[in-house]
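Descriptive analysis of the structure
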Amino acid sequence: MVSTYTRRRLTDAPFLAAATGATPSRRPVWFMRQAGRSLPEYRELRKGIGMLESCFDPELVCEITMQPIRRHGVDAAILFSDIVVPLKAAGIDLDIVPGVGPVIASPVRTEADVRALPRLRPEEVGAVTSGVRLLTDALGDTPLIGFAGAPFTLASYLVEGGPSKQHERTKAMMHADPKTWHALLGTLTDITIAFLQAQLAAGVDAVQLFDSWAGALSLADYREFVLPHSERVFAEIADAGVPRIHFGVGTGELLGAMGEAGADVVGVDWRVPLTEAVRRVGAGKGLQGNLDPAILFAGFDAVEAEARRIVAEADEAITLGATGHIFNLGHGVLPDTDPGVLTALVELVHSL
């Protein structure tokens with residue numbers, strides 16, 4: 001995709017420095033799901049407005065994305081959206097049901113179902129890219145992270161028909177009908193690339209690919225059925241020249257393979273110490289993470305102790321070959337988290 005947009009030059013942004021192997025002026029910190037239900041201003045703004053409706057309203061996208069920047073002083077904004085937004089935009093019949101998650105009206109189970117899937121045209125996510133352009137004006141010198149769901153995670157929703165604990169239909173398709181599986185992942189890879197390229201053309205400063213449910217897989221299954229498609233996503237956006245982050249939950253056994261997919265930074269959940277993560281991922285990449293979000297409920301003494309431990313481990317990981325560290329949680333901010341604890345955590349990390 002060709003763009004006439006001139007990307008902001010944020011040479012002093014700590015987040016971008018850490019993500020590209022430079023030396024940041026302070027340790028950068030941002031939180032997955034930093035914009036959302038933990039903030040009273042978010043709950044007030046979203047009253048009576050559905051999740052998907054919010055994601056296709058550029059002004060709402062901008063305002064919600066900005067809220068944690070104003071409140072917490074984090075070092076990066078992440079675009080307010082949802083991983084199923086490009087599927088919805090392309091024309092797939094789905095809804096995000098409160099308390100459940102994405103629900104697919106007609107699950108994808110056969111080769112014919114895969115052939116019937118639409119592709120994504122850039123104009124179909126025009127509301128998202130308009131939100132990005134509003135944000136690049138509003139954010140000043142704070143970087144904006146765009147994102148997308150990885151092909152496997154999108155496929156798991158489409159095949160299961162919604163969230164799943166066991167992913168039994170997904171794994172059954174992989175092993176019983178690998179031809180259809182790879183065709184499905186190929187289509188979803190095209191959609192993911194188109195969604196990320198649209199965000200990049202509009203001016204995001206980094207991207208994160210969420211493979212939220214990849215941790216359900218064995219390493220052998222990940223390498224055979226998932227990795228080639230994730231590699232293609234990262235390869236197709238490499239020319240944009242922005243940092244690329246890869247993240248999944250429960251992916252400790254997959255970190256090495258996920259590191260091979262092509263990202264510059266690998267997100268690590270709380271189950272694996274950063275000193276071990278660098279050994280699994282290998283030298284030459286940045287690490288992001290990895291405070292357990294549940295610790296935020298334990299009182300600030302516990303939060304501080306854990307944050308200091310993680311920072312010390314990150315420093316050791318850098319001596320072992322990691323190119324930088326971005327402080328984050330090991331997964332998203334939980335809805336009942338006290339926002340004051342997050343603000344205090346940002347101040348603490350910046351002081352270390």
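Further up the page is the structure itself.
What this report covers is the structure whose coordinates are included nearby. Fair warning: this is a prediction, and the values are worked out from it, not measured in the lab.

**Structural notes on helix H9 (residues 168-176)**
- Every buried residue belonging to H9 is among Thr170, Met173 and Met174, and all of these are buried. The arc enclosing the buried residues of H9, seen along the axis, measures out at 100°, which places them on a common side. Of the exposed residues in H9, the ones pointing more than 90 degrees away from its buried face are His175 and Ala176.
- As for H9, its buried residues are in contact with helix H8 (151-160), helix H10 (178-202) and helix H11 (219-225).

**Focus: a nonpolar patch on the surface**
- A cluster of nonpolar residues, Val97, Val100 and Val103, forms a patch on the protein surface that exposes about 190 Å² of accessible area.
- Along the chain, Val103 falls in strand E3 (residues 101-104).
- You can call Val103 partly exposed: its relative accessible area is 32%.

**Notes on the packing of aromatic side chains**
- This structure, assessed with the given rule, holds 4 aromatic pairs.
- With a centroid separation of 5.9 Å and 65° between ring planes, the pair formed by Tyr42 and Phe80 is classed as edge-to-face. With Tyr42 in helix H2 (residues 40-45) and Phe80 in the loop between strand E1 (77-78) and helix H5 (85-90), this residue pair connects regions lying 38 residues apart in the sequence.
- Classification of Phe80 by relative accessible area gives buried; the value is 6%.
- With a centroid separation of 6.1 Å and an interplanar angle of 55°, the aromatic rings of Phe152 and Trp181 are classed as tilted. Separated by 29 residues along the polypeptide, Phe152 in helix H8 and Trp181 in helix H10 bring together distant segments of the chain.
- Since its relative accessible area comes to 0%, Trp181 is described here as buried.
- Members of the aromatic cluster, connected to one another through ring pairs, are Phe147, Phe210 and Phe247.

**Examining helix H7 (residues 126-138)**
- Counted at 1.5 Å a residue, the expected span for H7 with its 13 residues is 18 Å, and the 18 Å between its end C-alpha atoms agrees.
- Ala127, Val128, Thr129, Gly131, Val132, Leu135 and Thr136 are the residues of H7 that are buried.
- The secondary structure elements touched by the buried residues of H7 are helix H3 (51-55), helix H4 (58-72), H5, strand E4 (144-149) and H10.
- Phi for Gly140, located one or two positions after H7, is positive at around 65°.

**Brief notes about the nonpolar core**
- Membership of the largest hydrophobic core comes to 124 residues, with the highest contact counts inside it found for Leu184 and Leu345.
- When residues of this core are assigned to their parent elements, the largest contribution, 12 residues, is made by H10.
- In this view, Leu345 contacts Phe31, Leu291, Leu296, Phe300, Val303, Ala307 and Phe327; residues no more than four positions away in its chain are not counted.

**Notes on unusual backbone geometry**
- Backbone torsion omega between Gly289 and Asn290 reads -5°, so that peptide bond is classified as cis.
- Although it is not a glycine, Arg33 sits at a positive phi angle of roughly 60°.
- Along the chain, Arg33 turns up in the loop between helix H1 (14-19) and H2.
- The class of Arg33 is partly exposed, set by a relative accessible area of 46%.

The rules we used
- Residues numbered from 1 in each chain as written.
- Predicted model: local features only at pLDDT ≥ 70, side-chain atom pairs only at ≥ 80, totals over all residues.
- Heavy atoms only, no water.
- Buried < 20%, exposed > 50% of the residue type's maximum accessible area, 1.4 Å probe, protein only.
- Helix = DSSP H or I, 4+ residues; strand = E, 2+ residues; numbered from the N terminus.
- Arc of directions from axis to C-beta.
- Contact = heavy atoms within 4.5 Å.
- Patch = residues over 30% accessible without salt bridge, like charges linked within 9 Å, V, L, I, M, F, W, Y side chains within 5 Å.
- Areas by Shrake-Rupley, 256 points an atom, 1.4 Å probe, with all protein chains shown as cover.
- Salt bridge = Lys/Arg side-chain N within 4 Å of Asp/Glu carboxyl O.
- Phe/Tyr/Trp six-rings, centres within 6.5 Å; stacked < 30°, edge-to-face > 60°.
- Expected span 1.5 Å × (residues − 1).
- Core = buried A, V, L, I, M, F, W, Y, C linked by side-chain atoms within 4.5 Å.

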